[in-house]
Amino acid sequence: MTISGRKAHFNVFIRGTGHHAASSRHPSVNPHGSLDLEHFANQANIAERGLLDALFVADGYSGVSRRLEPFTLFSALALRTKHIGFIATVGTTYNDPYHVARQFASLDHISKGRAAWNVVTTAQSAAHNFGRDEHPDVEQRYKVGEEFVEVVKQLWDSWEEDALVYDKANDKRIDLNKVYNINFAGEYYKVKGPLNIARPPQGHPVLVQAGSSEGGKELAARTADAVFTAQQTLGAAQEFYRDVKGRLAKFGRTPNQLLILPGLCPIIGDTEAEARDLEEELFSLLDLRKSLANLSRYFTVDLADYLLDAPVPLDKLRPAEQFRVGITSRRDVIIDAAFRERFTIKQFVSRSAGGHGHITFTGSVLQVADFIEKWFREGGSDGFNILPPIFPKGLEDFVDKVIPELQNRGIFRTAYEGATLRENYGLARPENRHNKVWAASGQSLAASGDAGWG
């Protein structure tokens, strides 16, 4: 039975060894996969076999990691795949709009319409890597981020659809009457334009917003096509879903123009007992001291001083204001789940270790399918961003076992619907709303007399 034709959507968050904190110690994983193209090509092929919507990759600009740069990785994977989309995380705080607009337009052309931008403001401080003295606070980052996105969208719109003419007889390649200076002048950016590459095949690559903070929800309602969020309980997910979808109308948007996709780390077994065994195996591989120390930063006490079966000491929480510079929403989600479900410290550690603060669900194939269907049917999500605990087995189990069950229930596709990521997400191709205004004000390259084009 379908839900008025509505289908769930799934991305997979690709990674080296997996999303469980102990994944690198599991005997089945390839410890060298983080820098191996074949490792990621295998993940991409498994995901495409399962008809998943997109691959998602995180990125950052500080710290020590073994992480490939997303544009390079996805350009290579675009040649290894035909249908699956590519969601690259790119921050607005330590980049310039022109570079980002050009990079995503290029990826969209290379992949023939499968690119997506996960818009983040960059939570971790990278100021010291970019000649800055300090990392901006949350409010400042979101103000800059909103203007950044607007500049990028205008740059993507600086070409009309038929501006490329390829007129061999007259040696004319670009119609300069159909390419425009955007002459953007805002509070933070001043950009003349136009972009030096034609409008992307999707018009705009899909815009994804990650985060659950107040600023993040407002930015998502204004600009995003999909939201990647962390919710630990159905109740919290339903509240978030209603909140964000309820903000769309003031921006002239409808609920079906935004997909809400919480993160889910599924620990899957053919039976519940098999899944619990895998969960316990992964827990046994954790550096428990490190895990407890990481979670203790939210408290005024050291969780290592408590028994694992003791309740989480929620009366010892540090004030939320102390986390304004970091990912404030992730802290709130983890603590909210502890309040709602009255976790023991072991449950608190296990949930946090399974998917970076996203919900971990352990169960049989049918139980995992039940969990997904319940959240999907009861207004908690439009699908999920899947975070397999270990690669490749966790992804293979989801694709080869859970996906067929969801297809049998009529809530997941049996074939890709279109050629682009927008089409597979069921999202309309955005119209170019700026061309007529720019043409009327004489901002075309032909009218302005700008040379060096055509």
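Before going further, it helps to examine the overall build of the protein. Within the protein, the regular secondary structure consists of 15 helices and 13 strands. For 454 residues, the compact-globule formula gives about 22 Å, and the C-alpha radius of gyration of the protein, at 23 Å, lands near that figure. By its C-alpha atoms, the protein is 75 × 50 × 45 Å across when sized along the principal axes. For the protein, the proportion of its 454 residues judged to be buried stands at 56%. Taking as baseline every contact in the protein between residues at least 6 positions apart, the subset at least 24 positions apart corresponds to 77%. In the form shown here, the protein has an accessible surface area of approximately 19,600 Å², with 50% of it arising from carbon and sulfur atoms. Both charge centroids of the protein, one from 53 positive and one from 56 negative side chains, sit 2 Å from each other.

Next up on the list: the side chain of His-135. Here His-135 is to be found in the loop between β4 (115-120) and α4 (138-156). Given a relative accessible area of 11%, His-135 falls into the buried group. In this structure the side chain of His-135 is engaged in a polar contact, spanning 2.6 Å, whose partner is the side chain of Tyr-94. Within the structure, the side chain of His-135 is placed 3.5 Å from the side chain of Arg-141, a separation counted as a polar contact.

On to the pattern of salt bridges. Taken as a whole and assessed by the stated rule, the structure comprises 33 salt bridges. For Lys-178, the salt bridge identified is with Asp-162, shortest N-O distance 2.8 Å. Taken together, the residues Lys-178 in the loop between β6 (172-174) and β7 (184-185) and Asp-162 in the loop between α4 and β5 (164-167) connect sequence positions 16 residues apart. In this structure Lys-178 comes out as partly exposed when scored by relative accessible area, which is 22%.

Judged by which residues are buried, strand β2 (residues 54-57) turns out to be covered on both faces: Ala-54 and Phe-56 on one side and Leu-55 and Val-57 on the other are all buried. Pairing analysis gives three bridges linking strand β1 (residues 9-13) to β2, with the strands arranged parallel. Paired with Phe-13 across the strands is Phe-56, a residue of β2. Traced from β1 through helix α1 (residues 37-49) to β2, the parallel crossover comes out right-handed. Where β2 meets strand β3 (residues 85-91), four bridges bridge the pair, whose relative direction is parallel. Looking across to β3, one finds that Phe-56 is bridged to Ile-87. In this fold, β2 hands off to helix α2 (residues 70-78), which returns the chain to β3; that crossover is right-handed.

With that out of the way, let us pick up the packing of helix α8 (residues 288-296) against helix α10 (residues 345-355). Here α8 crosses α10 at 90 degrees, and the two axes come no closer than 10 Å. Taken as axis vectors, α8 and α10 run roughly perpendicular relative to one another. Side by side, α8 and α10 meet where Leu-288, Ser-291, Leu-292 and Leu-295 of the first sit next to Ile-345, Phe-348, Val-349 and Ser-352 of the second. Of the residues that constitute the contact of α8 with α10, the class distribution is six nonpolar, two polar and no charged.

All right, on to the packing of aromatic side chains then. Enumeration over the complete set of coordinates arrives at 19 aromatic pairs. Ring centres 5.7 Å apart and planes at 85 degrees place the aromatic pair Phe-148 and Tyr-189 in the edge-to-face group. Of this pair, Phe-148 sits in helix α4 while Tyr-189 sits in the loop between β7 and β8 (190-191); the two residues are 41 residues apart in sequence, bridging distant segments of the chain. Neither Phe-148 nor Tyr-189 differs from the other in exposure class; each is buried. Positioned over the ring face of Phe-376 is Arg-6, at 3.8 Å from the centre of the ring. One residue, Lys-346, lies across the ring of Phe-283, its end atom 5.0 Å from the ring centre.

A word on the nonpolar core. If you look at the biggest cluster of nonpolar residues, it comprises 77 residues, and the most contacted ones within it are Phe-10, Leu-52, Leu-55, Trp-117 and Ile-372. Beyond its immediate chain neighbours, meaning those up to four positions away, Leu-52 contacts Phe-10, Val-12, Ala-47, Ile-84, Leu-395, Phe-398, Val-399, Ile-403, Phe-412, Arg-413 and Tyr-416.

The residue Thr-72 is located in helix α2 in this model. A relative accessible area of 55% means that Thr-72 is categorised as exposed. With 42 residues separating them in the primary sequence, Thr-72 and Arg-114 have C-alpha atoms 15 Å apart.

Our focus in this paragraph is the pairing of strand β11 (residues 259-269). Taken across its 11 residues, β11 has 11 buried, putting it largely inside the fold. Covered by surrounding structure in β11 are Leu-259, Leu-261, Gly-263, Cys-265, Ile-267 and Gly-269 together with Ile-260, Pro-262, Leu-264, Pro-266 and Ile-268, the residues of both alternating faces. The pairing of strand β10 (residues 226-229) with β11 spans four bridges and is classified as parallel. Bridge pairing in β11 links Phe-228 to Leu-261.

Right, let's get into α1. In this model α1 runs 18 Å from its N-terminal to its C-terminal C-alpha over 13 residues, within 8% of the 18 Å that 1.5 Å per residue would give. Within the span of α1, buried status applies to His-39, Phe-40, Ala-41, Gln-43, Ala-44, Ile-46, Ala-47 and Glu-48. Packed against the buried residues of α1 are β1, β2, α2 and α12 (393-408). Residue Asp-36 occupies the N-cap position of α1, its side-chain oxygen lying 3.0 Å from the main-chain nitrogen of Glu-38. Where α1 ends, the next residue or the one after it, Leu-51, has phi of about 65 degrees, a positive value.

Relative to the helices and strands, Thr-223 is located in helix α5 (residues 214-223). Polar side-chain contacts of Thr-223 include one of 2.9 Å to the backbone oxygen of Leu-219. Not counting chain neighbours up to four residues away, the residues in contact with Thr-223 comprise Val-149, Leu-207 and Arg-253.

What counts and how
Residues numbered from 1 in each chain as written. Predicted model: local features only at pLDDT ≥ 70, side-chain atom pairs only at ≥ 80, totals over all residues. Heavy atoms only, no water. Helix = DSSP H or I, 4+ residues; strand = E, 2+ residues; numbered from the N terminus. Rg over C-alpha atoms; globule rule 2.2 N^0.38 Å. Buried < 20%, exposed > 50% of the residue type's maximum accessible area, 1.4 Å probe, protein only. Contact = heavy atoms within 4.5 Å. Areas by Shrake-Rupley, 256 points an atom, 1.4 Å probe, with all protein chains shown as cover. Lys, Arg positive; Asp, Glu negative; His and termini not counted. Charge placed at Lys NZ, Arg CZ, Asp CG, Glu CD. Polar contact = N/O pair within 3.5 Å; in protein donor to acceptor, adjacent residues only side chain to side chain. Salt bridge = Lys/Arg side-chain N within 4 Å of Asp/Glu carboxyl O. Pairing = 2+ DSSP bridges. Right-handed = clockwise from strand over helix to strand, strands pointing away. Axes fitted to C-alpha atoms, helices over the stretch in contact; angles between N-to-C directions. Parallel < 35°, antiparallel > 145°, perpendicular 65-115°, else oblique. Nonpolar A, V, L, I, M, F, W, Y, C, P; charged D, E, K, R; others polar. Phe/Tyr/Trp six-rings, centres within 6.5 Å; stacked < 30°, edge-to-face > 60°. Lys NZ or Arg CZ within 6 Å of the ring centre and 35° of its normal. Core = buried A, V, L, I, M, F, W, Y, C linked by side-chain atoms within 4.5 Å. Expected span 1.5 Å × (residues − 1).

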